[in-house]
Amino acid sequence: MSQKNSEGKRSARERLHEQRQKEEARAKRKRTLIAAVVVVAVLGVGGGVAALVASTNHAKDNKQHATGPLVAPQGAIGKDNLAVPVGGSGAKATLVVYEDFRCPGCGMFENGYRDTIHDLEDKGQLKAEYHLVTLIDKNLGGSGSVNAANAAACAQDAGKFRAYHDELYKNQPPETDDAFAKKDRLLTLADKVAGLNTASFKKCVEEGTHDSWVHKSQEAFSTSGYRATPTVLLGGKSIYGDPANPLTPEKFRKMVADAQKGGGAGKGSGAPGETGAGKGAASPSGAVPSGLVPSAPEKGAAEKGAAASSAPAMGGARERG
C-alpha cells in the first residue's frame with residue numbers, strides 16, 4: 001500500500017472519530033438539557049405542592065385563630081375590659097386572680113378559699129376581679145381552657161358568673177383530660193346553676209361568642225410579667241404561692257380586715273412586676289407534683305386551716321415560650 005493511500009485512510013479515520021465526538025457531545029448536551037428541564041419541572045411541581053401545603057397550613061392556622069369579633073362580657077372592667085368583677089364595688093379590698101379552668105393549682109386555690117372569699121364578698125368587705133387565661137391549652141393542647149372561659153363569660157352576661165365559675169372548679173377534670181372542650185359538658189354543668197341554661201346562654205357557649213375576648217385576656221397575661229396560674233393579688237401584691245410564707249384563710253381575713261381599716265389593699269388589676277406565683281415551682285404543664293394533696297372542696301374546708309395553704313400554686317400552670 002502506498003504512503004499516499006495510508007495517509008488518506010488515517011485522515012478518514014480521524015474525520016470519522018471527530019464526527020463521532022461531535023455527535024456524542026451533541027447527545028450529551030441534549031441529555032443535559034432534557035434533565036435540566038425535568039428537574040425544573042419537578043421542582044416547579046414540588047414548589048407548587050409545598051406552597052399549597054404552606055397555604056393550607058396557614059389557612060388552617062388562621063381558621064383556628066379566627067374567632068370572630070372581640071366581645072367582652074357584660075360588666076367587664078379594667079384595661080380593655082378583661083376583668084370580670086365579683087362583689088360590691090364599694091369594698092376597700094380588691095382581690096385579683098389570674099386563673100385557668102383546666103389548671104389544678106387554680107382548682108386547689110378555689111376549692112380551698114371559696115367559702116372565705118364568698119363570705120367576705122357577701123359582707124361587702126371584698127371585691128374580686130377574675131382574669132381568665134388559657135395556659136393549659138397552650139402547654140398541653142386542646143380547647144378546654146378557652147371553651148370554659150367563654151362559657152364563664154356567657155354566665156357573666158346572664159349575671160351568674162360566680163355560681164357557674166364555682167361549678168366549673170367543683171367539677172374540674174384532671175389536667176390531661178380535656179373534658180371542658182366538650183360544650184355539651186359545659187352546658188350540663190350550667191344546669192346546676194338555677195336559671196342559667198337558657199337559649200341565649202346555650203347560643204353563647206356553642207358559638208364561642210367571647211372566644212376572642214378570652215384570647216385577648218391570655219395575650220395580656222403573657223405580657224404582664226406574671227408567669228403562672230393561679231396568680232393571686234390583694235391590693236396589687238402577690239399573697240399566694242410562697243412556700244416560705246403560706247397563705248391561710250385566717251391570714252387572708254386579717255389582710256382584708258386591715259384593708260377595711262385603711263391598710264391599702266384596695267388596688268385592683270394587679271400591676272405587672274409582682275410575679276408572685278410565677279416564682280413557684282409549678283411544672284410546665286401544671287401537673288400537681290407528687291405528694292401534694294389539694295385541700296378538700298367541702299363547705300367550710302377552707303376555714304379548717306393549713307391543708308389549703310400548705311400547697312399554694314405548686315399545682316399551677318406556668319407560662320412556656
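Residues numbered from 1 in each chain as written. Predicted model: local features only at pLDDT ≥ 70, side-chain atom pairs only at ≥ 80, totals over all residues. Heavy atoms only, no water.

**Comments concerning the overall build of the protein chain**
Each helix and strand in the protein chain was counted, giving 10 helices and seven strands. Burial status across the protein chain gives 42% buried among its 321 residues. Of the contacts formed within the protein chain by residues at least 6 apart in sequence, a portion of 82% connects residues at least 24 apart. Carbon and sulfur atoms make up 55% of the accessible area of the protein chain, which totals about 16,300 Å². (Helix = DSSP H or I, 4+ residues; strand = E, 2+ residues; numbered from the N terminus. Buried < 20%, exposed > 50% of the residue type's maximum accessible area, 1.4 Å probe, protein only. Contact = heavy atoms within 4.5 Å. Areas by Shrake-Rupley, 256 points an atom, 1.4 Å probe, with all protein chains shown as cover.)

**Structural notes on the state of the cysteines**
Counted by the stated rule, this structure contains one disulfide. One disulfide in the model links Cys154 with Cys204; its S-S distance is 2.0 Å. The sign of the S-S torsion, about -80°, decides the handedness of the disulfide formed by Cys154 and Cys204: left-handed. Of this pair, Cys154 sits in helix H4 (residues 144-157) while Cys204 sits in helix H7 (residues 199-207), placing them 50 residues apart in sequence. Accessibility classification places Cys154 together with Cys204 in one group, the buried group. (Disulfide = S-S within 2.5 Å.)

**Looking at the confidence of the model for the protein chain**
On average, the protein chain scores 76 in pLDDT, and the residues at 70 or more come to 62%. Long-range and interchain partners of residues 270-314, a stretch whose pLDDT sits below 50, account for 103 contacts in this model, where long-range means more than four residues apart. (pLDDT = per-residue confidence, 0-100.)

**Examining the nonpolar core**
With 58 residues, the main nonpolar core has Leu95, Phe101, Leu126, Tyr164, Leu168, Phe201 and Phe252 as its most contacted residues. Top element by residues in this core is H4. It accounts for eight residues. Those residues within four positions of Tyr164 in sequence are excluded, and the remaining contacts are Ala151, Ala152, Ala155, Leu186, Leu189, Ala190, Val193, Leu196 and Phe201. (Core = buried A, V, L, I, M, F, W, Y, C linked by side-chain atoms within 4.5 Å.)

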